[in-house]
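This is what each chain is made of:
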Amino acid sequence: MKVLKFGGTSVGSVESILSLKKIVEKEAKHQPIVVVVSALGGITDKLLRTSQLAKNGDEAWKDEFENMVDRHHKMIDTIITNPLDREVLFKEVDALLEQLRSIYFGVYLIHDLSEKTQNAIVSYGERISSKIVATLVRGSKWFDARNFIKTVRKNGKNVLHASLTADLVRETFKDLPRVSLVPGFISRDRDTNEVTNLGRGGSDYTAAIIAAALDAEVLEIWTDVDGFMTADPRVISTAYTIKELSYIEAMELCNFGAKVVYPPTIYPVCVKNIPIRVKNTFNPENPGSIIRAKVENDSKPIKGISSINGTSLITVTGLSMVGVIGVNRRIFTALANSNISVFMVSQASSENSTSIGVRDEDAEAAAEVLNAEFQKEIHTGAMFPMHIESGLATIAIVGENMKHTPGIAGKLFGTLGRSGISVIACAQGASETNISFVVPSSYLRKSLNVLHDSFFLSEYKVLNLFICGTGTVGGKLIEQIRSQYSKLMESSRLKLNVVGIASSRRAIYSREGINLDTYQEALQASPESNAQLLVENIINMNIFNSVFVDCTASAEIASIYQTLLDHNINIVAANKVAASGDYDTYLRLKRTALKRGVKYRFETNVGAGLPIIGTINDLRNSGDKILKIEAVLSGTLNFIFNTLSKDIPFSETVRLAKEAGYAEPDPRIDLSGKDVIRKLVILAREGGYKVEQDDVEKHLFVPDEYFEGEVEDFWRRLPELDVDFEERRKVIDAEGKRWRFVAKLDNGKTEVSLQTVDSSHPFFNLEGSNNIVLLTTERYKEYPMMIQGYGAGASVTAAGVFANIMSIANI
């Protein structure tokens, strides 16, 4: 036989209760079943609230009561279609409601609400709902749980009398009908015969008690979710149903906020090795989650992540605690006597402090109780007054396989640290099935997401991208991400979630992800923004696995890198300003990234998509030393000098470079050698040399006067240089040579100059806008390492940025 329990949401609406009917009638075809039901969704809370109104002499209790009557009447009218059945049920339900009205009226008259009366009041929720369901499900027989679920009074609380209850359950159900209908939650005192209950979630407990006593094949808990989830799906969109978990794992998750099953439920069936299946009343075809003693073929170290928000830490500290026996006993005895629950304990091995986790609402009371308990020690200075730290959240990662997997705690704290999340306190038992830790509440969402992603619970690894700059490079990057999105999801299980896009004046944000098909329209409709607002919004989103992608050339945007790195946000930059600017700033950014455990990537600063910076880093990291760098680093200038001919004058080549997208909007940046100087400075620094832009010796080919004034003046005057360039071109052409603008680092000395090279030189046949770099190192002395390829253009630069993003994803 089976025991099926349906919660408040499963009997809370017409849709759910009719689904319950189908499920029960289908199951009853195969074996006898016992069905345990809760009160209609929300009714228990309403019963309690109405009783408080009556106690306070507030006549609003009558309206609340009538609302409950109306709700039950409407439910009966809608789902019970047989007139005779409906008439009989109305009589039974109305008789119960009239009893309830009388109790409320008595409470209202005398302004007193005893525990006995309160217990009687809340019992009506299940008593009425079970009568409705018993009438709805044809052939079912109703049983009064108060006749066989028995409690006794212990330490001021009603607790189950297990042996008596088990005997009575077996006696009651010795001749099982096809469908037995039982109200959950309610019970009766063994000695006084007064109505009691099993506490919040008691309907689950009722079902488990019956299942254990009758040696059921399985206990099924029907609720409004598909089972135990790896995490709260309201916080983590990638959370999914756990197919199988052990009793211990389920208990740990339940105790830490996973409100799928009432924790005491697990004990009775665990002892009898009866599996629990959690299923969804609204999605009955889903297999749900199965809880059993041992899970086979389970390789994942952790099963789920659970959390409790709104928690406080109370720290008991003092030198007198060290080596003194009985301090912890006094702490927990005092709290227990005041009915204050402690869900986490963290104690330093030095014994000079103990931190305990309680609910926010219990924090002040707990501190008062402990201050009173240790009043004498506090007065003498041997201990300090209790310290309360609120606004916290407690997170637990749960899994029995953790005890077989070394390094879980290290990975946990490393992952949190790299995301800039500080752990305030932590605790782990010797069983190693639960690691609990406390973080600020503001970091709860980020902590859950980064851990869920890190421990491969998520179906996909997620990178959250903030893309700044929607011009040629930024626009191409967004286009590439959009075109590769599905392929990366399928082949690499990687989800690139663009959560922010900023242009020069506007910005849009979406935690769930921006539609890349319509982002331009969204940007146009968005409010104006600036660098300060941009960094504030990014930090306030506090999103996990975040990457800031800078596709601008803005010094203002580069100035926010430090703040972003300080908040553990990875940076991928096509922008050369930061890496080529002040050396101390460059070094500070690199060191911050290293300290914070995040990445600062700027491969495309030199050579667009060519692996130049990465190769230099690989050489140095493997123990090599960079001795000399010779390079043609401007795709724009290379294009200009390759295009220059007797038919195409110098001024026209510059215009063609701009039209082809190689040159900057203001080509003077390229012609001044400034761009090449920046690139050389970056390569020199990555090669291990302290170099500033002013240290670079410059031999330029355009007179300084042409860089003065507005860009329009430059274009107007540029043809003046055509004759001189043509005469010089003829000379080198006759010599069989070509012009190359070369950047050079030689033992720490840097220079840029326009040089002529002959056909024997590696730079001679450099075509189009290609770049080339020769690296002379201690290992590559006689034959330098050569890197060559496209060094300019929006598509290849965007592809290089994309590759940097992927390198962060693959860490």
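Preceding this paragraph is the structure being described.
Now for a look at the structure at hand. (Residues numbered from 1 in each chain as written. Predicted model: local features only at pLDDT ≥ 70, side-chain atom pairs only at ≥ 80, totals over all residues. Heavy atoms only, no water.)

Residues F105, L109 and I110 make up a contiguous nonpolar surface patch of roughly 320 Å² in combined accessible area. Relative to the helices and strands, I110 resides in helix 4 (residues 83-110). Take I110: its relative accessible area is 60%, and that puts it in the exposed class. (Patch = residues over 30% accessible without salt bridge, like charges linked within 9 Å, V, L, I, M, F, W, Y side chains within 5 Å. Areas by Shrake-Rupley, 256 points an atom, 1.4 Å probe, with all protein chains shown as cover. Salt bridge = Lys/Arg side-chain N within 4 Å of Asp/Glu carboxyl O. Helix = DSSP H or I, 4+ residues; strand = E, 2+ residues; numbered from the N terminus. Buried < 20%, exposed > 50% of the residue type's maximum accessible area, 1.4 Å probe, protein only.)

Now for the sheet that holds strand 2 (residues 33-37). On the basis of which strands lie adjacent, the open sheet formed by eight strands has the order 3-6-2-1-9-11-12-10 and mixed pairing. Two strands in the sheet have a free side with no partner beyond their single neighbour: strand 3 (140-142) and strand 10 (244-246). Adjacent strand axes in the sheet meet at a mean angle of 25°, parallel and antiparallel pairs treated alike. Relative to strand 12 (residues 289-292), strand 11 (residues 276-280) runs antiparallel, the two being bridged by three bridges. Along strand 12, the bridge assignment pairs R277 with I290. Contacts from helix 8 (residues 247-255) reach strand 10 and strand 12, with the element oriented near 85° to strand 10. (Pairing = 2+ DSSP bridges. Axes fitted to C-alpha atoms, helices over the stretch in contact; angles between N-to-C directions. Contact = heavy atoms within 4.5 Å.)

As a further point, take the sheet that holds strand 30 (residues 785-790). If you trace the six strands from one edge of the open sheet to the other, you get 26-28-27-25-29-30, paired in mixed fashion. The open sheet has two free edges, formed respectively by strand 26 (697-699) and strand 30, since each of these has just one partner strand. In this sheet, neighbouring strand axes are inclined to one another by 20° on average, regardless of whether the strands run parallel or antiparallel. Bridge count between strand 29 (residues 770-777) and strand 30: six bridges; the pairing is antiparallel. Paired with V773 across the bridge in strand 30 is I787. Contacts between helix 22 (residues 612-621) and the sheet are confined to strand 25 (626-632), strand 29 and strand 30, with strand 29 contributing the most and set at about 10° to the helix. Helix-sheet contacts for helix 23 (residues 635-643) involve strand 25, strand 27 (738-746), strand 28 (749-757) and strand 29, and the interaxial angle to strand 27 is about 150°.

The full count for this structure, using the stated rule, is 39 salt bridges. With a shortest N-O distance of 2.9 Å, R101 and E66 are connected by a salt bridge. Of this pair, R101 sits in helix 4 while E66 sits in helix 3 (residues 60-79), and the two are 35 residues apart along the sequence. For R101, a relative accessible area of 29% translates into the label partly exposed. Between R729 and D733 there is a salt bridge, with the nearest N and O atoms lying 3.9 Å from each other. Taken together, the residues span about one helical turn, with R729 and D733 both in helix 28 (residues 722-734) at a distance of four residues.

Let's shift gears to the packing of helix 22 against helix 26 (residues 674-686). Packing of helix 22 against helix 26 leaves a shortest axis separation of 9 Å and a crossing angle of 20°. Between helix 22 and helix 26, the interaxial angle falls into the category roughly parallel. Of the two elements, helix 22 crosses helix 26, and the hand of that crossing is right-handed. The residues of helix 26 that touch helix 22, namely those facing I612, I613, I616, N617 and R620, are I682, L683, R685 and E686. The residue makeup of the contact of helix 22 with helix 26, split by class, is five nonpolar, one polar and three charged. (Parallel < 35°, antiparallel > 145°, perpendicular 65-115°, else oblique. Left-handed = near helix turned anticlockwise from the far one by under 90°. Nonpolar A, V, L, I, M, F, W, Y, C, P; charged D, E, K, R; others polar.)

Turning our attention to the environment of G57. Among the secondary structure elements, G57 is positioned in the loop between helix 2 (43-55) and helix 3. Overall, the relative accessible area of 25% leaves G57 in the partly exposed class. Counting along the chain gives 586 residues from G57 to T643, while the straight-line C-alpha distance between them is 95 Å. When near neighbours in sequence (up to four residues on either side) are disregarded, G57 contacts Y108 and H111.

Limitation: the analysis is restricted to geometry and does not speak to function.
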